[in-house]
Protein chains: 2
Amino acid sequence: MIQTPYLLFLGDAPDQLAAKVAQGIKDWRPENAVGQFRMPGCGADLGITDMTLEEARAAGAQTLVIGVANRGGYISKAWKEVLVAALRMGFDIASGLHNLLRDEDELMAAARVSGRTLFDVRIPSVAYPIANGKKRTGKRCLAIGTDCSVGKMYTGLAMDAEMQKRGMKSTFRPTGQTGILITGGGVPLDAVIADFMAGAVEYLTPDNDPDHWDHIEGQGSLFHVSYSGVTMALIHGGQPDALILAHEPTRTHMRGLPDYDLPSLETLRDTALPIARVANPACQVVGVSINSQHLSEDEALAYMAEVEKRMGLPTVDTFRQGAARLVDALDAV
Amino acid sequence: MIQTPYLLFLGDAPDQLAAKVAQGIKDWRPENAVGQFRMPGCGADLGITDMTLEEARAAGAQTLVIGVANRGGYISKAWKEVLVAALRMGFDIASGLHNLLRDEDELMAAARVSGRTLFDVRIPSVAYPIANGKKRTGKRCLAIGTDCSVGKMYTGLAMDAEMQKRGMKSTFRPTGQTGILITGGGVPLDAVIADFMAGAVEYLTPDNDPDHWDHIEGQGSLFHVSYSGVTMALIHGGQPDALILAHEPTRTHMRGLPDYDLPSLETLRDTALPIARVANPACQVVGVSINSQHLSEDEALAYMAEVEKRMGLPTVDTFRQGAARLVDALDAV
């Protein structure tokens, strides 16, 4: 686990979009962030306190989290100066960048001297077991998509937040680097060795109280040929009691695959449910989560009303409407 | 690619079963094996010429293949003496053992000095791409199982052999260590990083002549929760034109999963075909391959006749009956 609270490093982010990891932390775990660190020319602002490294340490920050994508895919000299100073000052550093902190000699050296830890959250740090398929106690919910990047992580975080608000027992279980940085732990499933994928998901969602819900972060899609194996392992390792169907209605083809159409929500349901019931015969599809960001409010509401009628399932955009109706549906499982 | 021909190292194999990799090479690619190397106490015998290292080199052997499982899971001192001598004599060494040749300092040192290569075929040696899903030329056949270890590799090898015999264009495409050692190349799919599984299968089965068949070695099962993600990636990366259903009729539960029943052949067909058609809308289920080793000849024939009638598909045990009828079915695709 990454030690909280964090100082969120925005570096020289060109714009707000580049800082989406930091934005996710601020949106979903504001208590994890004591402040933000911005360098000259930074175009992003989370609207939280700007702090120097010293101020953040004094405020209790344990870890500097790189909350921004790096330009050009390398860690610049300007960044490195800040990161080395942070290590010397007692921060750990956590990063979901493609290029690894551990591959930077200066950072490794500074971490060694200071006895600090570099967390490259894209890389598994655990030797996961092979899945054993044993039924686990507690309940699990998984969002599965008609495509990649249709709002599965957001849906899981929103459902977890709603359950927390209601005083229900609930944990968000990240399977990708953004989710891992938001919560401080999880499994970077897309970087796990094939044979251990389902076992990694079992490890991520252990036995729990009978009335506890794990919200497992979805990945890929059963219909996305590049990543469907990862989705399959999530379904069989996760043993979900409940599936949420996630969809982005303006997508004209599968992400990155111009020759592939999206499946209908019905096809997704009818494909996924028998597969999920291999691992959990009681699994049900309980709701639909629509990412309607490219529709107007009126279009979105009309579209969701139509889907709700067609599918007979509560259908919401958790960003526009919150996750209350999905949580109501889970609560009935 | 591993250089052929091989000298098959049987070491101190306690019995024939321990030498199943060597047996597979001798059965399927006898032209790849100049002879066998047995140590004192070896209980296995392939019925091919026993050779010293010197004799094998003189006969043209390029690679010493470890064709046997190691007792206790470590490479013994007695083995190491032979392997070091082989490296010094100009052999490469290839192994599918869990513990890696490259982790043995003495072997690494000897390989360096002699300029030889150590092939640990369980470990990917290529940075596979992410799958792009583009339709490839040529045809592909994949055996999918109701469970793991039901004869999928054997089926693919037998179909390839039958096509070769008929002068058809055909290649067996290994996805596991035994198949890789038999043919000298392939993808160790269960050791590939999750995000690159389907891409590795695309890499394994590139564009080919329109009348060429790739027989892709199957792995796992869509219904085996430990490995189903690997199977999924095979189906979506492989874009099969034809599926063969593989089954072992005496299995009482999924291998290693006592609480999981096997699916019926009908359920396997109905689950797999829509999934396969995501990547290849023309995909068909063309036959059934039964591993009837635990049935008598009479029981086996009666069982297969019943399955053939029920499924309306040619149903054979390729070990007992050869793959001719399956190849006839492929030829009609």
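Okay, so let's go over this structure. (Residues numbered from 1 in each chain as written. Chains lettered and ligands numbered in written order. Predicted model: local features only at pLDDT ≥ 70, side-chain atom pairs only at ≥ 80, totals over all residues. Heavy atoms only, no water.)

**Description of the overall build of chain A**
The helix and strand tally for chain A stands at 12 helices and 11 strands. When its C-alpha atoms are laid out on the principal axes, chain A stretches across 55 × 45 × 45 Å. Going through the 333 residues of chain A one by one, you find that 59% of them count as buried. Considering only intrachain contacts with a sequence separation of at least 6, the fraction spanning at least 24 residues in chain A is 76%. Total accessible area on chain A stands at roughly 13,100 Å², and carbon and sulfur atoms take up 52% of it. One finds the centroid of the 31 positive side-chain charges in chain A at a distance of 3 Å from the centroid of its 40 negative side-chain charges. (Helix = DSSP H or I, 4+ residues; strand = E, 2+ residues; numbered from the N terminus. Buried < 20%, exposed > 50% of the residue type's maximum accessible area, 1.4 Å probe, protein only. Contact = heavy atoms within 4.5 Å. Areas by Shrake-Rupley, 256 points an atom, 1.4 Å probe, with all protein chains shown as cover. Lys, Arg positive; Asp, Glu negative; His and termini not counted. Charge placed at Lys NZ, Arg CZ, Asp CG, Glu CD.)

**Quick look at the pattern of salt bridges**
Counting across every chain of the model gives 48 salt bridges over all chains. A:Arg116 is the partner of A:Asp92 in a salt bridge, and the nearest nitrogen-oxygen pair spans 3.2 Å. Note that A:Asp92 is positioned in strand β4 (residues 92-95) and A:Arg116 in the loop between α4 (105-114) and β5 (118-120), a separation of 24 residues in sequence. The exposure class assigned to A:Arg116 is partly exposed, which follows from its relative accessible area of 28%. Of the charged contacts, one joins B:Asp160 and B:Arg29 as a salt bridge, the two residues approaching to 3.3 Å between their closest N and O atoms. (Salt bridge = Lys/Arg side-chain N within 4 Å of Asp/Glu carboxyl O.)

**Concerning the environment of B:His212**
All names here are of chain B. Topologically, His212 is positioned in strand β8 (residues 212-216). Residue classification places His212 among the buried positions, given a relative accessible area of 6%. Residues His212 and Asp160, spaced 52 residues apart in sequence, show a C-alpha to C-alpha distance of 11 Å. The residues touching His212, leaving out its near neighbours within four places in the chain, are Gly138, Lys139, Lys169, Ser170 and Thr171. For His212, the side chain forms a polar contact with the side chain of Asn208, separated by 3.2 Å. (Polar contact = N/O pair within 3.5 Å; in protein donor to acceptor, adjacent residues only side chain to side chain.)

**A few points about helix α5 (residues 152-165) of chain B**
Residue and element names in this part refer to chain B. Its 14 residues place the ends of α5 20 Å apart at the C-alpha level, agreeing with the 20 Å of an ideal helix rising 1.5 Å per residue. Of the positions making up α5, those classed as buried are Lys152, Thr155, Gly156, Leu157, Ala158, Met159, Asp160, Glu162 and Met163. Where α5 ends, the next residue or the one after it, Gly167, has phi of about 75 degrees, a positive value. (Expected span 1.5 Å × (residues − 1).)

**Details of the sheet that holds strand β5 (residues 118-120) of chain B**
Residue and element names in this part refer to chain B. Pairing is parallel across the open sheet formed by five strands, whose spatial order is β2-β1-β3-β4-β5. Each edge of the sheet is formed by a strand with only one pairing partner; in this case those strands are β2 (33-38) and β5. On average, each strand axis in the sheet is tilted by 20 degrees relative to the strand beside it, whichever way the strands run. Judged from the three bridges that link them, strand β3 (residues 63-66) and strand β4 (residues 92-95) form a sheet pairing that is parallel. Counted as the bridge partner of Leu64 is Ile93 from β4. Set on the sheet, helix α1 (residues 20-28) makes contact with β1 (6-11), β2 and β3; between it and β1 the angle comes to about 150 degrees. (Pairing = 2+ DSSP bridges. Axes fitted to C-alpha atoms, helices over the stretch in contact; angles between N-to-C directions.)

**Here we look at the sheet that holds strand β8 (residues 212-216) of chain A**
Residue and element names in this part refer to chain A. Read across the sheet, six strands follow the order β7-β8-β6-β9-β10-β11 without closing on themselves; strand pairing throughout is parallel. Each of the sheet's edge strands pairs with one partner strand only, and the pair in question is β7 (169-173) and β11 (315-316). Helix α9 (residues 265-279) rests against β6 (139-145), β9 (242-247) and β10 (284-290) of the sheet, and its axis sits at about 150 degrees to β9.

**Things to note about the packing of aromatic side chains**
A ring pair, where both rings are aromatic, is described by two values, the distance of the centres and the angle of the planes. By the definition in use, this model includes 10 aromatic pairs over all chains. Ring centres of A:Phe9 and A:Trp79 lie 5.1 Å apart, and the angle between their planes is 85 degrees; on these two criteria the pair is classed as edge-to-face. With a gap of 70 residues between them, A:Phe9 in strand β1 (residues 6-11) and A:Trp79 in helix α3 (residues 77-88) connect regions that are remote in the sequence. This pair shows no difference in class: A:Phe9 is buried, exactly as A:Trp79 is. With a centroid separation of 5.0 Å and an interplanar angle of 80 degrees, the aromatic rings of B:Trp28 and B:Tyr154 are classed as edge-to-face. In this pair, B:Trp28 sits in helix α1 while B:Tyr154 sits in helix α5, placing the two residues 126 residues apart along the sequence. Relative accessible area serves as the criterion here: at 27%, B:Tyr154 is assigned to the partly exposed category. One aromatic cluster is present, formed by A:Phe9, A:Phe37 and A:Trp79 through successive ring pairs. We note A:Arg57 situated over the ring of A:Phe91; from NZ or CZ to the ring centre the distance is 5.6 Å. (Phe/Tyr/Trp six-rings, centres within 6.5 Å; stacked < 30°, edge-to-face > 60°. Lys NZ or Arg CZ within 6 Å of the ring centre and 35° of its normal.)

**Points about the relation of the copies chain A and chain B**
In the superposition of chain A on chain B (RMSD 0.0 Å, axial shift 0.0 Å), the rotation amounts to 180 degrees. Taken together, these values place the two copies in the relation of a two-fold axis. Comparing contact sets, 100% of the residues at the interface of chain A also lie at the interface in chain B, consistent with an isologous, same-surface contact. (Least-squares fit on C-alpha atoms with pLDDT ≥ 70 in both.)

**Re the pairing of strand β10 (residues 284-290) of chain B**
All names here are of chain B. With six of its seven residues buried, β10 lies for the most part within the structure. Across six bridges, strand β9 (residues 242-247) lies against β10 in parallel orientation. In the strand pairing of β10, Leu243 is matched with Val285. For the crossover that starts at β9, traverses helix α9 (residues 265-279) and ends in the parallel β10, the hand is right-handed. Bridge count for β10 against strand β11 (residues 315-316) is two bridges, and the pairing is parallel. Across the sheet, the residue bridging to Val288 is Thr315, located in β11. (Right-handed = clockwise from strand over helix to strand, strands pointing away.)

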